[in-house]
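# Working through the structure, step by step
Each chain, letter by letter, is given below.
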Amino acid sequence: MEADSKPKKSGARLCCVCNQNRAALKRPKTLEQICRECFYAVFEEEIHQVILENQLFKPGDRIAIGASGGKDSTVLAYVLSELNRRHNYGLDLFLLSVDEGITGYRDDSLETVKRNELQYGLPLKIVSYKDLYGWTMDEIVKMIGLKNNCTFCGVFRRQALDRGAALLKVDKVATGHNADDIAETVLLNILRGDIARLSRCTSIITGEDGPIPRCKPFKYTYEKEIVMYAYFKKLDYFSTECIYSPNAYRGFAREFIKDLERIRPRAILDIIKSEMVQSLCLAGGAESRFTKAWHWSYSRPKQ
Amino acid sequence: MACNSSTCNSSGCYKGYEEEEQPKPNTKAAVNGGNSCQNLCVKCKVNEPVCCGIGGENSRFCKDCFKNNLYGKFKQAVTYNAMITPPDKVLVAFSGGPSSRVVLQFVHEMQYKAQKNYDANKDKSLPVFGVGVAFIDESSTHSFTSQHIEKAIEDIRLIVSNLAPPSKELFVVPIESIFSSDGIDGKERLKELLDAVSDVTGKEDLLSHLRILLLQKIASENGYTRIVLGSCTSRIACHVISATVKGQGYSLSADIQYVDSRWEIPVVLPLRDCPAQELNTLCSLDGLKIVELLNGPCSGINGLVSSFVKVLQEENPSRECTIVRTAGKLTPFHFNRVPEIHDSNVPSATRRHQKRYTLKPNGSLSSDSFCPICNSPLKKSNFPSSLRSHGSQQNPDLFASACSSCQFQILPKDPSLMEEFLSLLPQQMITKAKHGDQGNFSLLREQIQEFLFSDGENEI
């Protein structure tokens, strides 16, 4: 090849990690140019490090992966199985899915989870709001209207996950919450002055003094990178938003985070790691003790 | 509803503002009594309302009550935090916008009243505080026509000269004066400095740090003891969000309190509880002239946050207050209160007066070290031990002594460019970098003052 001319045309860029393959993409987190293989490697390795540093699992643990059929939980199931094999975590993995009863959304995504069960070889359990509470989200929305649906659904889902986890007799639940989600939640809680929630939302492990602890292995993983991973690996996932989400207040925070990422990608991590949040957690200590007690008493399985 | 107490300072009290004017009863409305409250001011229930507060339809005020409400918040902030006391000389930072116009107006009203009291009083022990106004001319950083800026300065001179008696000195200072070399030299150096910062947000933030340093310089060279900023609730809410997003969470509580004494001249924010929307309304109601200098829209993160907060505010008018209240739960720093006066030359009546109001917060953060660029307090753990040996006086390690946010968005990424960058910074920042771990001596001294003998040996 020409030794004198600099590679100006696209496609002549080299991966900055292996310096051999052509760069296929720019990493959203760091804007580095990287080839596919190295991207998979660095993506999986970063998650592995997060799991190790935060001691998320121990050998012999039975882990339920909260599976909605969306990109986050599909990639989580895929990567966890892969890392479990590669690094011998010694985990028993399960898929746990919650059916809120939202027609045109949940019924479609559940089909995806059933396919995941076969594709990844992980046993699946589905719990539904209708069975647990006698209500579907559609029925609830008809009752309360289109505002504040997420509040109801979120509370019910957490309990449903706890119930399902108890039925599966697992030690922990892993959810696919990514860095963008957590940054949005932090912002929302600041906007609403909800200091008690702020103290819980950035912890990588929550609910340790409740029935089932929950962890977020994707806490430092950018949503765009999850999408990239799923896209390049051609993973099977369901990519539509919940039909009630356009009215959610979270939409404001989401727009803002998306715009922010364009200007300064590292800002998302800055929000999550924010000292301000840590300091406010100390201030909200008393309140969160109260809410923890409430949450636990409502999560105990019925006689 | 006229208050008869002479010491009443409650926020809704008329007495604090204009003693002469009584609310003029509207004979039509007086008959109404309880029904159709929409036609009456929610406060005095006598006059017809002419404007709304941020509560929308639930907070319709008549002109007087609206003014009194805002002035009351201002007065309460000043009194409760001992912001302005009789021996002070107060420098009002005036940008031309509505918030600084209102704070200038309110400070003037307060001074005017104090002057009248002084003239009427036989006992002249408590003098009237002095007021000056500073306008920083940033036209060298933007492409304004000189005509535009000259007209603006003329308007500002007119505004200030109309706010007399008592008369106020006006300082119109170009931003490049921070370099203590005038004219083209300063302009060039400023341009080079700003060009050396690649991050758009970093550039804007560096400019605002230079601005506050210049205000400090003007105040200190002219004997002022306080700097008053017109920062309102909206601006503080934007600062809360942008600080969170820029990873400046540790120092956030230092910037959003009523008083900030980490500077040589303490900076006070008396309009902290006033929303921008109400300040705007007051300007139009009261015919307060604003000088709109279009400094260009803020781009980068600052602009994004400001439009975000604006959208939220439209959706829910109390959002800004909630944000500021949330951040208000953070522990303030030990320098977030006015320093006590220990100077025995100051009359004892004044010291008694100030001591009565000095708050001692229960539980405040202490900090010995500050970032040389943005002056934000640094966590002790961030401080590398290499600086404990005072580094080298010729080449202070700027990078190591700066906060992580300035390291990322302002300082050059390439270490070889650091030397040059250092040469472009104003002297005040270099000095701070050299004496990085010596902190704020006056505050340390304050803590041990009662044990020191004033025989000169203890002067550092």
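The shown structure was predicted, so the numbers you read here are calculated from the model rather than taken from an experiment.

### Observations concerning the overall build of chain A
For chain A, the helix and strand inventory stands at 13 helices and eight strands. Buried positions account for 50% of the 303 residues belonging to chain A. Of the contacts made within chain A by residues no fewer than 6 positions apart, 72% connect residues no fewer than 24 positions apart. Carbon and sulfur atoms make up 52% of the accessible area of chain A, which amounts to about 15,300 Å² in all.

### Section: the environment of A:Ile205
Residue and element names in this part refer to chain A. With respect to the secondary-structure elements, Ile 205 resides in strand β7 (residues 205-206). For the pair formed by Ile 205 and Leu 56, sequence separation is 149 residues and the distance between their alpha carbons is 7.5 Å. Setting aside residues up to four positions removed in sequence, Ile 205 forms contacts with Asn 54, Gln 55, Leu 56, Pro 213, Arg 214 and Cys 215.

### Let's talk about the packing of helix α10 (residues 250-263) of chain A against helix α10 (residues 300-315) of chain B
Orientation of α10(A) relative to α10(B), taken along the N-to-C sense of each, is 170°, at an axis distance of 10 Å. In terms of their interaxial angle, α10(A) and α10(B) are classed as roughly antiparallel. Here A:Phe252, A:Ala253, A:Phe256, A:Asp259, A:Leu260 and A:Ile263 of α10(A) lie close against α10(B), whose contacting residues are B:Gly300, B:Ile301, B:Leu304, B:Val305, B:Phe308, B:Val311, B:Leu312 and B:Glu315. Here the contact of α10(A) with α10(B) is built from residues that sort into eleven nonpolar, one polar and two charged.

### Re a nonpolar patch on the surface
Together, A:Trp135, A:Met143, A:Ile144 and A:Phe152 give the surface a local cluster of nonpolar side chains, amounting to about 390 Å² of exposed area. Along the chain, the position of A:Trp135 falls in the loop between α4 (129-133) and α5 (137-144).

### Re the UniProt feature "domain: tRNA(Ile)-lysidine/2-thiocytidine synthase N-terminal" (unreviewed entry) in chain A
Cross-referencing UniProt, the feature "domain: tRNA(Ile)-lysidine/2-thiocytidine synthase N-terminal" (unreviewed entry) maps to residues 63-247 of chain A in the present numbering. Split by type, residues 63-247 of chain A is 51% helix and 13% strand. Its first and last C-alpha atoms lie 33 Å apart.

### Structural notes on the interface of chain B and chain A
Taken together, the contact between chain B and chain A spans 29 residues of the former and 25 residues of the latter. Contact between chain B and chain A buries roughly 2,500 Å² in total, counting both sides, with carbon and sulfur atoms accounting for 73%. Taken as a group, B:Thr244, B:Val245 and B:Leu304 account for 23% of the area that chain B buries against chain A, more than any other trio of residues on that side. The tally of links from chain B across to chain A stands at one salt bridge. A salt bridge links B:Asp199 to A:Arg264; its shortest N-O distance comes to 3.3 Å. Where the side of chain B that touches chain A is concerned, the elements lending two or more residues are α7 (233-245), α10, α11 (319-327) and α14 (404-409) of chain B. At eight residues, the largest contribution of residues to the side of chain B that touches chain A is made by α10(B).

### So, the side chain of B:Ser231
Tracing the sequence through the fold places B:Ser231 in the loop between β6 (226-228) and α7. Setting aside its immediate chain neighbours within four residues, B:Ser231 contacts B:Ile236, B:Leu269, B:Leu271 and B:Arg272.

### Topic: the pairing of strand β4 (residues 130-137) of chain B
Residues and elements named next belong to chain B. When you tally the buried positions in β4, you get seven out of eight residues, the bulk of the element. Note that strand β3 (residues 89-93) and β4 share five bridges and pair parallel. By the bridge assignment, Val 90 is partnered in β4 with Val 131. As a crossover connection, the stretch from β3 through helix α3 (residues 98-120) into β4 is right-handed. Here β4 pairs with strand β5 (residues 169-174) via six bridges, running parallel. Following the sheet pairing, Asp 137 is matched in β5 by Pro 174. A crossover connection joins β4 to the parallel β5 through helix α4 (residues 146-162); in handedness this β-α-β unit is right-handed.

### Here we look at the pattern of salt bridges
All names here are of chain A. For the coordinates displayed, the defined rule picks out 34 salt bridges over all chains. Residue Lys 233 pairs with Glu 44 through a salt bridge whose shortest N-O separation is 4.0 Å. Note that Lys 233 is positioned in the loop between α9 (223-232) and α10 and Glu 44 in helix α1 (residues 36-53), a separation of 189 residues in sequence. Judged by relative accessible area, which is 25%, Lys 233 ranks as partly exposed. By relative accessible area, which is 4% here, Glu 44 ends up buried.

### Points about the packing of aromatic side chains
Per the stated rule, a full pass over the model turns up 22 aromatic pairs over all chains. Pairing A:Phe39 with A:Tyr40 gives two aromatic rings, centres 6.5 Å apart and planes at 50°, and the pair type is tilted. Residue A:Phe39 shares its accessibility class with A:Tyr40, and that shared class is buried. Ring geometry for A:Tyr40 versus A:Tyr229: centroids 5.6 Å apart, planes at 80°, classification edge-to-face. In this pair, A:Tyr40 sits in helix α1 while A:Tyr229 sits in helix α9, placing the two residues 189 residues apart along the sequence. Residue classification places A:Tyr40 among the buried residues on the basis of a relative accessible area of 8%. Put simply, the rings of A:Phe39, A:Tyr40, A:Phe43, A:Tyr78, A:Tyr120, A:Phe218 and A:Tyr229 pair up and form one aromatic cluster. The ring of B:Tyr224 carries the charged tip of B:Lys89 above its face, separated from the ring centre by 4.5 Å. A cation over a ring is seen here: B:Arg272 above B:Tyr258, with NZ or CZ 4.8 Å from the ring centre.

What counts and how
Residues numbered from 1 in each chain as written. Chains lettered and ligands numbered in written order. Predicted model: local features only at pLDDT ≥ 70, side-chain atom pairs only at ≥ 80, totals over all residues. Heavy atoms only, no water. Helix = DSSP H or I, 4+ residues; strand = E, 2+ residues; numbered from the N terminus. Buried < 20%, exposed > 50% of the residue type's maximum accessible area, 1.4 Å probe, protein only. Contact = heavy atoms within 4.5 Å. Areas by Shrake-Rupley, 256 points an atom, 1.4 Å probe, with all protein chains shown as cover. Axes fitted to C-alpha atoms, helices over the stretch in contact; angles between N-to-C directions. Parallel < 35°, antiparallel > 145°, perpendicular 65-115°, else oblique. Nonpolar A, V, L, I, M, F, W, Y, C, P; charged D, E, K, R; others polar. Patch = residues over 30% accessible without salt bridge, like charges linked within 9 Å, V, L, I, M, F, W, Y side chains within 5 Å. Salt bridge = Lys/Arg side-chain N within 4 Å of Asp/Glu carboxyl O. UniProt positions renumbered as here; feature names shortened; annotations may be inferred. Buried area = accessible area lost by both parts, 1.4 Å probe. Pairing = 2+ DSSP bridges. Right-handed = clockwise from strand over helix to strand, strands pointing away. Phe/Tyr/Trp six-rings, centres within 6.5 Å; stacked < 30°, edge-to-face > 60°. Lys NZ or Arg CZ within 6 Å of the ring centre and 35° of its normal.

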